[in-house]
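Summary of structural features
The lines below spell out each chain.
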Amino acid sequence: MLVSMANALEVENLAISFGKASVFERVSFAVEQGTSLAIIGPNGCGKTVLFQALIGAIPHRGQISWAADTRIGYMPQKLSIDRDLPVTGFDLLAAKAKVTKAPADVATAFKRVGLAGQAGKSIGALSGGQFQRLLLALALVGQPNVLLLDEPMAGVDEPGQEKLNELVRRVQEENRLTVLLISHDLSVVYGHATNVLCLSRDRAWFGPPRTILTPELLHEVYGTPVGYHVHAT
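As a starting point, this report considers the structure included with it. Quick caveat, the model's predicted, so the values are computed rather than measured.

Considering helix α5 (residues 158–175)
- Here α5 contains 18 residues, and its C-alpha end-to-end distance of 26 Å stays within 8% of the 26 Å for a straight helix at 1.5 Å per residue.
- Every buried residue belonging to α5 is among Gly 160, Leu 164, Asn 165, Leu 167, Val 168, Val 171 and Gln 172, and all of these are buried. When α5 is viewed along its axis, its buried side chains cluster within an angular range of 160° and face the same direction. Across from the buried face of α5, at angles greater than 90 degrees, the exposed residues are Glu 158, Pro 159, Glu 162, Lys 163, Glu 173 and Glu 174.
- For α5, the secondary structure elements touched by its buried residues are β3 (36–40), α3 (106–112), α4 (128–140), β6 (146–150), β7 (178–182) and α6 (186–192).
- Downstream of α5 by a residue or two, Arg 176 has a phi angle that is positive, lying close to 55°.

Written out as structure tokens, the structure reads:
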């Protein structure tokens with residue numbers, strides 16, 4: 001399926017199941033180049049599974065079509081590595097660059113996330129916020145034009161979350177990136193996402209934040225009243 005020139009990604013009637021257990025069905029949406037899509041929904045609704053399908057890591061039914069020039073940077077919710085290992089952040093990024101034959105832009109990736117002076121530190125010596133920045137730097141190796149961020153604020157305190165949110169927005173704007181973001185912070189989603197994909201076990205909703213983040217729809221999806229703060233602009 002050919003992708004519209006305006007879109008980075010088009011998904012049509014996506015369905016994923018493991019054996020006889022269905023995760024979700026009939027999910028359709030499109031992401032325009034340079035915009036932000038936030039994926040929300042209760043735990044277990046398939047948000048991370050969706051990302052795994054988008055990068056081709058698991059089988060699926062339906063159509064997933066990326067623009068021809070797509071280069072994906074993926075930031076997982078967590079990295080399965082013992083942080084007590086004597087490994088530096090530079091080691092991790094250099095290893096990815098070598099394995100993926102990505103351009104040698106490791107130093108640039110550190111600079112873009114504000115860790116230029118921390119590259120030689122052991123990963124165990126990094127704070128929670130610094131480690132999340134390291135994961136973002138890892139995703140930026142290879143000069144992607146699309147970022148998939150799976151709950152990038154996980155394990156970061158509130159001040160650190162604000163700084164990381166601002167960093168993601170700055171990196172996106174400076175490099176004209178398309179961003180797909182899994183988040184539980186509806187305030188951030190409302191203020192910064194172009195569109196929202198809300199998943200539940202049997203339905204999906206797609207549209208701008210003002211349409212999706214209504215008290216009625218959120219109550220239906222989460223099964224309880226859900227509130228969030230809209231920052232004044």
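Description of helix α1 (residues 47–54)
- Burial analysis of α1 places six of its eight residues in the buried class, the great majority of the element.
- Of all the positions in α1, only Lys 47, Val 49, Leu 50, Phe 51, Ala 53 and Leu 54 are classed as buried.
- Just past α1, the residue Gly 56 takes up positive phi, approximately 80°.

Considering the packing of helix α2 (residues 89–100) against α4
- Axis separation between α2 and α4 bottoms out at 9 Å; the angle between their running directions is 20°. The pairing of α2 with α4 is recorded here as roughly parallel in orientation. Classified by chirality, the crossing of α4 by α2 is right-handed. Contacts from Gly 89, Leu 92, Leu 93 and Lys 96 of α2 reach α4 at Leu 134, Ala 137, Leu 138 and Ala 139.
- Of the residues assigned to the contact of α2 with α4, the class counts are six nonpolar, one polar and one charged.

The rules behind each value
- Residues numbered from 1 in each chain as written.
- Predicted model: local features only at pLDDT ≥ 70, side-chain atom pairs only at ≥ 80, totals over all residues.
- Heavy atoms only, no water.
- Helix = DSSP H or I, 4+ residues; strand = E, 2+ residues; numbered from the N terminus.
- Expected span 1.5 Å × (residues − 1).
- Buried < 20%, exposed > 50% of the residue type's maximum accessible area, 1.4 Å probe, protein only.
- Arc of directions from axis to C-beta.
- Contact = heavy atoms within 4.5 Å.
- Axes fitted to C-alpha atoms, helices over the stretch in contact; angles between N-to-C directions.
- Parallel < 35°, antiparallel > 145°, perpendicular 65-115°, else oblique.
- Left-handed = near helix turned anticlockwise from the far one by under 90°.
- Nonpolar A, V, L, I, M, F, W, Y, C, P; charged D, E, K, R; others polar.

By themselves, these are just geometric observations and shouldn't be taken as functional.
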